[in-house]
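Now for the letters of each chain:
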Amino acid sequence: LPQLRQILENEVEKVPETPKYKINQINFEGNEKLDLGYIEWLMPWCNQKIDAISTPDSISEERIRKNLEKLYNTGYFHQVEARLQKRDDTFTLTYILKENPELKTIVFEGRLVKESIPNPMGNPALGILNYHNLEKVLDEKQDEYKNRGYSLVNFRQISYDQNQGCWNYYFNCT
C-alpha cells in the first residue's frame, strides 16, 4: 500500500501555483433576467464570505477560472468572463455574464403531431434558455413519442425564432 501511494503521488501532475488576489468585493454584471439572488442560489460560494471561495482572503487565477466554469456549466450563460480591478492593496472581482436568449415555448412539429410546450420544466429563471433543461426536454419528448408508437422519431430540423423566443423542432416519425 505505501508503494502504491508513492506511485500514485508521483503520477499526479502538479499544477503550478497561480498568483492570488486579495478580494474585497465580488460583483456580477450582465444578468438581465436572472436576478442576483438566483445566481447566488445557483452558485452558493458567491454569497458567502470571501474566505469561502479560496484561502484565507485571497483567490487564485485557477479558482477564478473554476468559478467561471461553474457559472458557464449552469446552462444559463453563453459567455462568462472575469475582471479584476485593483484598489489600493485589494481587488474587486467582477463576473461578467451574457445570458442565453429568452425561451418562451418549444414547438414540436411532425407529419402527425404539433404541440407547444410553454416555459418547459417550469424554468425558474424567467424563461431564459437553459441548454441542460432543453436537452432533458428533448430526451423526454423523444421517449414519449417512442412510447406512443413513433419508434423511429428523428428531429430533422431545429430553429430558433428570436422574436418569438421559440425553439422549433421538426421531426420525422414512423
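Here we summarise the structure given alongside this text. (Residues numbered from 1 in each chain as written. Predicted model: local features only at pLDDT ≥ 70, side-chain atom pairs only at ≥ 80, totals over all residues. Heavy atoms only, no water.)

## Side note on the overall build of the chain
The helix and strand tally for the chain stands at four helices and eight strands. The order of helices and strands in the chain, counted from the N terminus, is α-β-α-β-α-β-β-β-β-α-β-β. Residue pairs in contact within the chain that sit at least 24 positions apart in sequence constitute 59% of those at least 6 positions apart. Total accessible area on the chain stands at roughly 11,100 Å², and carbon and sulfur atoms take up 48% of it. (Helix = DSSP H or I, 4+ residues; strand = E, 2+ residues; numbered from the N terminus. Contact = heavy atoms within 4.5 Å. Areas by Shrake-Rupley, 256 points an atom, 1.4 Å probe, with all protein chains shown as cover.)

## A closer look at the sheet that holds strand β2 (residues 58-60)
Judged by pairing direction, the sheet is mixed, and its four strands sit side by side in the order β2-β1-β4-β3 without closing on themselves. Both outer strands of the open sheet, β2 and β3 (77-87), are each paired with one neighbouring strand and no more. The mean angle between the axes of side-by-side strands here comes to 45°, regardless of whether they run parallel or antiparallel. Relative to strand β4 (residues 90-99), β3 runs antiparallel, the two sharing ten bridges. By the bridge assignment, Arg-87 is partnered in β4 with Thr-90. Helix α3 (residues 61-73) rests against β1 (20-29), β2, β3 and β4 of the sheet, and its axis sits at about 150° to β3. (Pairing = 2+ DSSP bridges. Axes fitted to C-alpha atoms, helices over the stretch in contact; angles between N-to-C directions.)

## Concerning the nonpolar core
Leu-71, Tyr-95 and Leu-97 are the most contacted members of the largest nonpolar core, which has 19 residues in total. Going through the elements one at a time, β1, α2 (36-42), α3, β3 and β4 are the ones with two or more residues in this core. Leu-103, Ile-117, Tyr-145 and Tyr-150 belong to the second largest nonpolar core, which has 16 residues in total. (Core = buried A, V, L, I, M, F, W, Y, C linked by side-chain atoms within 4.5 Å. Buried < 20%, exposed > 50% of the residue type's maximum accessible area, 1.4 Å probe, protein only.)

## Details of the pattern of salt bridges
The full count for this structure, using the stated rule, is nine salt bridges. Across the salt bridge formed by Lys-66 and Glu-62, the nearest N and O atoms sit 3.9 Å from each other. Of the two residues, Lys-66 and Glu-62 both sit in helix α3, four residues apart, roughly one turn of that helix. For Lys-66, a relative accessible area of 37% corresponds to the partly exposed category. With a relative accessible area of 29%, Glu-62 lands in the partly exposed category. Here Lys-141 ties to Glu-115 by a salt bridge, and the two come within 3.0 Å at their closest N and O atoms. Of this pair, Lys-141 sits in helix α4 (residues 131-147) while Glu-115 sits in strand β6 (residues 114-118), and the two are 26 residues apart along the sequence. Residue class for Glu-115 comes out partly exposed when judged on its relative accessible area of 22%. One salt-bridge network, held together by shared partners, links Glu-115, Lys-141, Glu-144 and Arg-148. (Salt bridge = Lys/Arg side-chain N within 4 Å of Asp/Glu carboxyl O.)

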